[in-house]
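# Close look at the chain arrangement
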Amino acid sequence: DQQVKQNSPSLSVQEGRISILNCDYTNSMFDYFLWYKKYPAEGPTFLISISSIKDKNEDGRFTVFLNKSAKHLSLHIVPSQPGDSAVYFCAASVYGNYGGSQGNLIFGKGTKLSVKP
Amino acid sequence: ETGVTQSPTHLIKTRGQQVTLRCSSQSGHNTVSWYQQALGQGPQFIFQYYREEENGRGNFPPRFSGLQFPNYSSELNVNALELDDSALYLCASSLREKRQRFFGPGTRLTVL
């Protein structure tokens, strides 16, 4: 049973336009959400995060939006650049001891973003 | 500041063998966790160590075991390898009170 879902395996966007990556979750106990970017042959790199007490967090070209009632979050990249082409993972965690662990991350399957020049 | 490093980069084993993967945490980090990423999937939590003790485990059998050393480096051991153990194994370090995890480049394990 997948608790974090990224329903779009891939997304193609033109350079300079907006990229919107979506993520849905089922567990209402999740209180912290993260986005990671992964290039081939590298480990995931942290991009941006958001706490459940917020509905928006910005960092440069990256903005994450959280809709708790819909259990949905999205990552906006504006403007998109060819160097943004990578696999993007959405991850969620629960504060404190959950499932015997402190804040381990539960990942979606990822969305492969291709930004075309 | 040194990031998370892992060794080896790639490894090929046969079914039934045992394997040890190694990880050096980012400087100053006291918590290490291990994740398995199968092809086409997101990383899946294996276990986490803090102060040399396991303090959390995902849905993995006991043949997956680990160690954390006083310098916060870590090992992942897998016994009786199965074909389905073929995956990218990621180590992540963090401070215990922080929510963010910093990942290493991973070890690609192939079981034949």
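To start, this report covers the structure provided alongside it.

What counts, and at which threshold
- Residues numbered from 1 in each chain as written.
- Chains lettered and ligands numbered in written order.
- Predicted model: local features only at pLDDT ≥ 70, side-chain atom pairs only at ≥ 80, totals over all residues.
- Heavy atoms only, no water.
- Phe/Tyr/Trp six-rings, centres within 6.5 Å; stacked < 30°, edge-to-face > 60°.
- Helix = DSSP H or I, 4+ residues; strand = E, 2+ residues; numbered from the N terminus.
- Buried < 20%, exposed > 50% of the residue type's maximum accessible area, 1.4 Å probe, protein only.
- Pairing = 2+ DSSP bridges.
- Axes fitted to C-alpha atoms, helices over the stretch in contact; angles between N-to-C directions.
- Contact = heavy atoms within 4.5 Å.
- Salt bridge = Lys/Arg side-chain N within 4 Å of Asp/Glu carboxyl O.
- Polar contact = N/O pair within 3.5 Å; in protein donor to acceptor, adjacent residues only side chain to side chain.
- Nonpolar A, V, L, I, M, F, W, Y, C, P; charged D, E, K, R; others polar.

## Notes on the packing of aromatic side chains
According to the stated counting rule, one finds 13 aromatic pairs over all chains in the structure shown. Measuring from centroid to centroid gives 5.8 Å for Phe107 of chain A and Tyr35 of chain B, while their planes differ by 85°, and the two rings are edge-to-face. Separated into two different chains, Phe107 of chain A in strand S12 (residues 106–107) and Tyr35 of chain B in strand S4 (residues 31–37) make up a pair that spans both. Tyr35 of chain B shares its class with Phe107 of chain A; the two are buried. Judged by centre distance (5.6 Å) and plane angle (65°), the rings of Tyr35 of chain B and Phe45 of chain B are edge-to-face. Residue Tyr35 of chain B is located in strand S4, and its partner Phe45 of chain B is located in strand S5 (residues 44–50); the two are separated by ten residues in the primary sequence. In textbook terms, an aromatic cluster arises when at least three aromatic residues are bridged by ring pairs, as seen for Tyr36, Phe46, Phe89 and Phe107 of chain A together with Tyr35, Phe45 and Phe103 of chain B.

## Side note on the sheet that holds strand S7 (residues 64–68) of chain B
Residue and element names in this part refer to chain B. Spatially, the four strands line up as an open sheet ordered S1-S3-S8-S7, and their pairing is antiparallel. Each edge of the open sheet is held by one strand with a lone partner, namely strand S1 (5–7) and S7. Taken pair by pair, the neighbouring strands of this sheet meet at an average axis angle of 20°, ignoring direction. With five bridges joining them, S7 and strand S8 (residues 74–78) adopt antiparallel strand pairing. By the bridge assignment, Gln68 is partnered in S8 with Ser74.

## Quick notes on the side chain of Ser33 of chain B
Assignment of secondary structure puts Ser33 of chain B in strand S4. With sequence-adjacent residues up to four places away left out, Ser33 of chain B is seen in contact with Phe45, Phe47, Gln48, Leu90, Cys91, Ala92 and Arg101 of chain B.

## Some points on the interface of chain A and chain B
Contact residues are listed per partner, giving 23 residues for chain A and 20 residues for chain B. Across the contact surface, chain A and chain B share one salt bridge. Linking chain A with chain B are four residue pairs in polar contact (both at pLDDT 80 or more). Class assignment of the residues belonging to the side of chain A that touches chain B gives a composition of ten nonpolar, nine polar and four charged.

## Regarding the pairing of S4 of chain B
Residue and element names in this part refer to chain B. By the criterion of burial, S4 is predominantly enclosed, with seven of the seven residues buried. Burial along S4 is two-sided: Thr31, Ser33, Tyr35 and Gln37 facing one way and Val32, Trp34 and Gln36 facing the other are all buried. Across six bridges, the pairing between S4 and S5 is antiparallel. Note that in S5 the partner of Tyr35 across the bridge is Phe45. The antiparallel pairing of S4 with S5 creates a hairpin that spans six residues between the two strands, and Gly40 there sits at a positive phi of about 80°. As defined by bridge partners, S4 adjoins strand S9 (residues 87–94) across seven bridges and the pair is classed as antiparallel. Bridge pairing in S9 links Ser33 to Ala92.

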